[in-house]
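# Coordinate inspection notes
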Amino acid sequence: MEPVNETDLEWSEYARGDAAFRRKRLSAAADAGEDLGCSLYELPPGERSWPYHYHAGNAEAMYVLAGAGFVRLDDTEHRVAAGAYVPFPARPEGAHRVVNDGDEPLRYLAVSTMREPDVIEYPDSDKVGVFAGSPPGSRERRHVHGYFRNEDAVGYWDGED
């Protein structure tokens, strides 16, 4: 485990659906262990982060370094700018999505607990994600990992309701 400087790390770029952003995995680069995750994010003007979601097993938070935008948090929009800290608790009230509606890149640190198993709910698309074997954000192999629409749920006994 050693200190890292973000300038020494390459950006990973994501562009899927209505989300587009860049990310540097600081905790992974520092080999900081399994308990705490931290990434640097940059959202270009007009872009959004991960789809609106919350974790049942992991708390998250963001700290804005530069730029401005808003966070959709528990279905309410909150303006954020440099210096803002926003917690995302591990429950439905912690559902969130970051949006850059400004003219400059929005840069922020995202930190999270790194517990597994975890279930992530996506209220807008009515689906859930399930992770076991390693937490969300980890690059370690998982023995359970999948996304499922809530409408596809079956009962406990052989598909009974």
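Look up a bit, the structure's there.
Heads up: these notes are all about the structure in this document. As the structure is a computational prediction, the values presented were derived from the model and not from experiment.

## Describing the overall build of the protein
- Scanning the protein for helices and strands turns up one helix and 13 strands.
- Counting from the amino terminus, helix and strand elements in the protein follow one another as β-β-α-β-β-β-β-β-β-β-β-β-β-β.
- The C-alpha radius of gyration of the protein comes to 16 Å, within 12% of the 15 Å expected for a compact globule of 161 residues.
- The proportion of buried residues among the 161 residues of the protein is 39%.
- A fraction of 54% describes how many contacts in the protein between residues 6 or more apart in sequence connect residues 24 or more apart.

## A few points about the pattern of salt bridges
- The full count for this structure, using the stated rule, is nine salt bridges.
- Where Arg-107 meets Glu-6, a salt bridge forms, and the shortest distance between an N and an O atom there is 3.3 Å. Separated by 101 residues along the polypeptide, Arg-107 in strand S10 (residues 106-113) and Glu-6 in the segment before strand S1 (12-16) bring together distant segments of the chain.
- The salt bridge partner of Asp-18 is Arg-97, with a shortest N-O separation of 2.7 Å. Here Asp-18, found in the loop between S1 and strand S2 (19-25), pairs with Arg-97, found in strand S9 (residues 96-99); they are 79 residues apart in sequence, far enough to count as distant.
- When salt bridges that share partners are traced, they join Glu-6, Arg-22, Lys-24, Glu-42 and Arg-107 into one network.

## Topic: the environment of Val-71
- Its location among the elements puts Val-71 in strand S6 (residues 68-73).
- According to the relative accessible area criterion, Val-71 is buried, its value standing at 1%.
- On a C-alpha basis, the gap between Val-71 and Arg-97 in space is 5.6 Å, while along the polypeptide they are 26 residues apart.

## What to know about the sheet that holds strand S11 (residues 118-122)
- Here we have four strands laid out as an open sheet, ordered S4-S11-S12-S13, and antiparallel in their pairing. Bordering the open sheet on either side are strand S4 (54-55) and strand S13 (144-149), each of which pairs with just one other strand.
- Strand direction decides the pairing type here: strand S12 (residues 127-132) and S13, joined by six bridges, are antiparallel. Within S13, the residue paired with Val-130 across the bridge is Gly-146.

## What to know about a negative patch on the surface
- A contiguous patch of negative charge on the surface is contributed by Glu-34, Asp-35, Glu-116 and Glu-140.
- Along the chain, Glu-140 turns up in the loop between S12 and S13.
- Residue classification places Glu-140 among the exposed residues on the basis of a relative accessible area of 58%.

## Overview of the pairing of S2
- Within S2, six of the seven residues are buried, which leaves the element mostly enclosed by the surrounding structure.
- Pairing of S1 with S2, which is carried by five bridges, proceeds in the antiparallel orientation. The residue of S2 that forms the bridge with Arg-16 is Ala-19.
- Between the antiparallel neighbours S1 and S2 lie two residues, among them Gly-17 with a positive phi of about 55°.

Cut-offs used in this document
Residues numbered from 1 in each chain as written. Predicted model: local features only at pLDDT ≥ 70, side-chain atom pairs only at ≥ 80, totals over all residues. Heavy atoms only, no water. Helix = DSSP H or I, 4+ residues; strand = E, 2+ residues; numbered from the N terminus. Rg over C-alpha atoms; globule rule 2.2 N^0.38 Å. Buried < 20%, exposed > 50% of the residue type's maximum accessible area, 1.4 Å probe, protein only. Contact = heavy atoms within 4.5 Å. Salt bridge = Lys/Arg side-chain N within 4 Å of Asp/Glu carboxyl O. Pairing = 2+ DSSP bridges. Patch = residues over 30% accessible without salt bridge, like charges linked within 9 Å, V, L, I, M, F, W, Y side chains within 5 Å. Areas by Shrake-Rupley, 256 points an atom, 1.4 Å probe, with all protein chains shown as cover. Lys, Arg positive; Asp, Glu negative; His and termini not counted. Charge placed at Lys NZ, Arg CZ, Asp CG, Glu CD.

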